[in-house]
Amino acid sequence: MTVAPSTAPVDELRRLAHGLIQQATSFVAPTKLKETARRLVAGEGAELILEDDYALDLAEILASDLALYAPSLTGSTSLDRLARQHRPSTPAEAEALRLLRGARFCLFKITAQLGQGLFAAEDLATGARFTLDSETMSTSAVGFELGSRLCWVRADLAFPILPSFSLNAQALNAAQIFIRPGGKGLSLSLIHISQGIVR
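None of the values given here were measured: they were computed from a predicted structure. (Residues numbered from 1 in each chain as written. Predicted model: local features only at pLDDT ≥ 70, side-chain atom pairs only at ≥ 80, totals over all residues. Heavy atoms only, no water.)

## Here we look at the overall build of the protein
Secondary structure summary: the protein contains eight helices and six strands in total. Secondary structure elements in the protein, listed N-terminal to C-terminal, are α-α-α-α-α-α-β-β-β-β-β-β-α-α. Across the protein, contacts joining residues at least 24 apart in sequence account for 60% of those joining residues at least 6 apart. Of the accessible surface of the protein, which amounts to about 10400 Å², a share of 54% is contributed by carbon and sulfur atoms. (Helix = DSSP H or I, 4+ residues; strand = E, 2+ residues; numbered from the N terminus. Contact = heavy atoms within 4.5 Å. Areas by Shrake-Rupley, 256 points an atom, 1.4 Å probe, with all protein chains shown as cover.)

Below you can see the structure in the form of structure tokens.
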């Protein structure tokens, strides 16, 4: 993966990116989020799953991701629409918008804490090691497999733009189906991955 290094401080880029993601969310109708979450848990055994708090919480997080990053019938995403309508006021904001549009959904394991808000992580789909910069993650995350949409400041440094979620044993087993052999990344689209993990 080739990532152009960012020049603005990570804290500033994260603050700006979170502000922009809130604006992009305004393009998504709340009813669409609920409908997407419902579709993710629909299928065989749906009645049982709908009583599963983990599955419901996970479906809501993934529904937000899909609403922001899945292309519409015209091929554009909510972030594409934001980029067309919003003129960044500073170079740092333009950089944050670029990072947002290039954010990648990842499954990863936290292997160690490196410092305050800094964690060593390993991409489960590629084996690549990187540093995760997260102001909300705690030491208790070390050793856990997580999923999140990550903005890549450098090829070896990223921060989550949407809430990270833990993969329980069932979700982790389901996720293995979508990992291509030989460290070649995730296969299929996020909607298929989301359905597999939630169900």
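This is not the end of the story, as more comes after the structure.
## Here's the deal with the environment of Thr136
Counting through the fold element by element, Thr136 comes out in the loop between strand 3 (129-133) and strand 4 (145-154). It is 9.7 Å that separates the C-alpha atoms of Thr136 and Ser164, two residues lying 28 residues apart in sequence.

## Quick word on the nonpolar core
Among the nonpolar cores identified, the biggest contains 24 residues, and Ile21, Tyr69, Leu100, Phe159 and Ile161 are the most heavily contacted of them. Put simply, the parts of the chain that give this core at least two residues each are helix 1 (10-25), helix 4 (53-69), helix 5 (78-85), helix 6 (91-101), strand 4 and strand 5 (157-160). Here this core gets seven residues from one element, more than from any other, and that element is helix 1. In this structure, Leu100 is in contact with Ala17, Leu20, Ile21, Tyr69, Leu79, Cys151 and Ile161, ignoring residues within four places of it in sequence. Grouped together as the second largest cluster of nonpolar side chains are 14 residues, Leu58, Leu107, Leu167 and Leu172 included. (Core = buried A, V, L, I, M, F, W, Y, C linked by side-chain atoms within 4.5 Å. Buried < 20%, exposed > 50% of the residue type's maximum accessible area, 1.4 Å probe, protein only.)

## Quick look at the pattern of salt bridges
Should their charged atoms come close, side chains of opposite charge can pair. In the structure shown here, the tally under the stated rule is eight salt bridges. Ionic pairing is found between Glu122 and Arg129, a salt bridge with its closest N-O pair at 3.7 Å. A relative accessible area of 25% places Glu122 in the partly exposed class. Across the salt bridge formed by Arg154 and Asp156, the nearest N and O atoms sit 3.0 Å from each other. Here the salt bridges do not stand alone but share partners, grouping Asp11, Arg14, Asp133 and Glu135 into one network. (Salt bridge = Lys/Arg side-chain N within 4 Å of Asp/Glu carboxyl O.)

## With respect to the packing of aromatic side chains
Tallied over the full model, the rule gives three aromatic pairs. For the ring pair Phe105 and Phe165, a centre distance of 6.3 Å and an interplane angle of 25 degrees mean the geometry is stacked. Here Phe105 is found in strand 1 (residues 104-115), whereas its partner Phe165 is found in strand 6 (residues 165-166), with 60 residues between them in sequence. For the residue pair Phe105 and Phe165, the accessibility class agrees, reading buried in each case. Geometrically, the ring pair formed by Phe108 and Phe130 is edge-to-face, given 6.0 Å between the ring centres and 70 degrees between the ring planes. With a gap of 22 residues between them, Phe108 in strand 1 and Phe130 in strand 3 connect regions that are remote in the sequence. Taken together, Phe108, Phe130 and Trp152 form an aromatic cluster joined through their ring pairs. Over the aromatic face of Tyr69 sits the side chain of Arg149, whose NZ or CZ is 3.9 Å from the ring centroid. (Phe/Tyr/Trp six-rings, centres within 6.5 Å; stacked < 30°, edge-to-face > 60°. Lys NZ or Arg CZ within 6 Å of the ring centre and 35° of its normal.)

## Some details on the layout of surface pockets
By volume, the second largest pocket amounts to about 190 Å³. Every residue lining the second largest pocket is counted, 14 residues in all, and those nearest its centre are Lys32, Leu66, Ala67, Ala70 and Pro71. Residue assignment for the lining of the second largest pocket shows that the elements contributing at least two residues are helix 2 (30-41), helix 4 and helix 5. Per-element accounting of the lining of the second largest pocket gives the leading share, three residues, to helix 2. (1 Å grid on protein atoms, 1.4 Å probe; cavity = no way out; pocket = protein on both sides within 12 Å on 5 of 7 lines; lining within 4 Å. Points joined across faces, edges and corners; volume = space filled by probe spheres on them.)

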